[in-house]
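# Survey of secondary and tertiary structure
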Amino acid sequence: QVQLVESGGGLVQPGGSLRLSCATSGSIFSIVDMAWYRQAPGKQRELVASITQGGRINYLDSVKGRFTISRDNAKNTVYLQMNSLKPEDTAVYYCNANLFVTPYRMSNYWGQGTQVTVSS
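Starting from 1, residues in each chain are numbered consecutively following that chain's sequence as written. It should be noted that, the model being predicted, local features are given only for residues of pLDDT at least 70 and side-chain atom pairs only at 80 or more, the latter also being counted only at that level, while totals for whole chains, interfaces and linings use all residues. Calculated side-chain values reflect all of the structure's heavy atoms, with hydrogen atoms and water omitted.

So, on to the overall build of the protein. Note on conventions: DSSP H or I runs of at least 4 residues are helices, E runs of at least 2 residues are strands, and numbering of each starts at the N terminus. Secondary structure assignment for the protein yields zero helices and 11 strands. Secondary structure elements in the protein, listed N-terminal to C-terminal, are β-β-β-β-β-β-β-β-β-β-β. The quantity called the radius of gyration is restricted to C-alpha atoms. Its globule counterpart is 2.2 Å times the number of residues to the power 0.38. Taking 120 residues into account, the globule formula puts the C-alpha radius of gyration at 14 Å, and the protein, at 14 Å, falls close to it. Its C-alpha atoms give the protein principal-axis dimensions of about 50 × 25 × 25 Å. Relative to its full complement of 120 residues, the protein shows a buried share of 38%. Should any heavy atoms of two residues lie within 4.5 Å, those residues are counted as being in contact. Once local pairs closer than 6 in sequence are excluded, the contacts in the protein between residues at least 24 apart make up 53%. Note that accessible areas follow from Shrake-Rupley with a 1.4 Å probe, and for residues the cover is restricted to the protein chains shown. Of the roughly 6700 Å² of accessible surface on the protein, a fraction of 46% belongs to carbon and sulfur atoms. Buried, partly exposed and exposed residues are distinguished by accessible area as a fraction of the type maximum, computed with a 1.4 Å probe on protein chains only: under 20%, between the cut-offs, and over 50%, respectively.

This paragraph deals with the nonpolar core. The nonpolar side chains of a soluble globular protein tend to be buried, and buried together. Take the buried residues of types Ala, Val, Leu, Ile, Met, Phe, Trp, Tyr and Cys, join any two whose side-chain atoms come within 4.5 Å, and each joined set is a nonpolar core. Within the largest apolar cluster, 29 residues are counted, with the highest numbers of intra-cluster contacts made by Trp36, Val48, Phe67, Val78, Leu80, Met82 and Tyr93. Those elements that place two or more of their residues in this core are strand S3 (18-25), strand S4 (30-39), strand S5 (46-52), strand S7 (67-72), strand S8 (77-82), strand S9 (91-100) and strand S11 (114-118). Not counting chain neighbours up to four residues away, the residues in contact with Leu80 comprise Leu18, Arg19, Leu20, Trp36, Val48, Ala49, Phe67, Thr68, Ile69 and Tyr93.

The subject of this paragraph is the packing of aromatic side chains. Each Phe, Tyr or Trp ring, with Trp reduced to its six-membered ring, pairs with another whose centre is within 6.5 Å; inter-plane angles below 30 degrees give stacked pairs, above 60 give edge-to-face pairs, and intermediate values give tilted ones. Tallying each qualifying case throughout the model produces two aromatic pairs. Consider the rings of Tyr94 and Trp110, whose centres lie 6.4 Å apart with planes at 85 degrees: the pair is edge-to-face. Here Tyr94, found in strand S9, pairs with Trp110, found in strand S10 (residues 106-110); they are 16 residues apart in sequence, far enough to count as distant. Judged by relative accessible area, Tyr94 falls into the buried class, the value being 16%. For Trp110, a relative accessible area of 40% gives the class partly exposed. Each residue in the set Tyr37, Tyr94 and Trp110 is aromatic and connected to the rest through ring pairs, giving one cluster. The ring of Tyr94 carries Arg45 above its face, with NZ or CZ at 3.9 Å from the centroid. Between the NZ or CZ atom of Arg45 and the centre of the ring of Trp110, over which it lies, the distance is 4.7 Å. Only Lys NZ and Arg CZ are tested; either one counts as a charge over a ring when it is within 6 Å of the ring centre and within 35 degrees of the ring normal.

The structure is reproduced here in structure tokens:
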């Protein structure tokens with residue numbers, strides 16, 4: 001069974017940094033794309049950053065210049081480096097992936113989330 005497990009969240013002061021990791025487990029044939037979403041209390045879940053197998057990257061406008069998404073294909077792991085954090089970045093961050101577990105069928109997976117709190 002395929003699982004996505006996020007880690008690296010925590011409590012940081014405004015202006016601080018965190019690096020989130022999303023590690024996959026189970027047998028994966030190939031990854032189509034991976035992404036980071038976040039959801040703050042009382043707000044809708046939003047796409048923060050995404051990266052395709054071909055390396056195409058997109059960011060939420062409010063995090064451009066501060067966040068960097070990257071991947072390690074050998075480890076089937078995606079990272080989100082978050083710098084210059086602001087209180088409005090406070091949210092539960094979720095990893096998401098579209099992947100093939102067989103050569104013929106694609107499925108979508110969500111991680112359980114990791115809490116990021118930016119507060120003084």
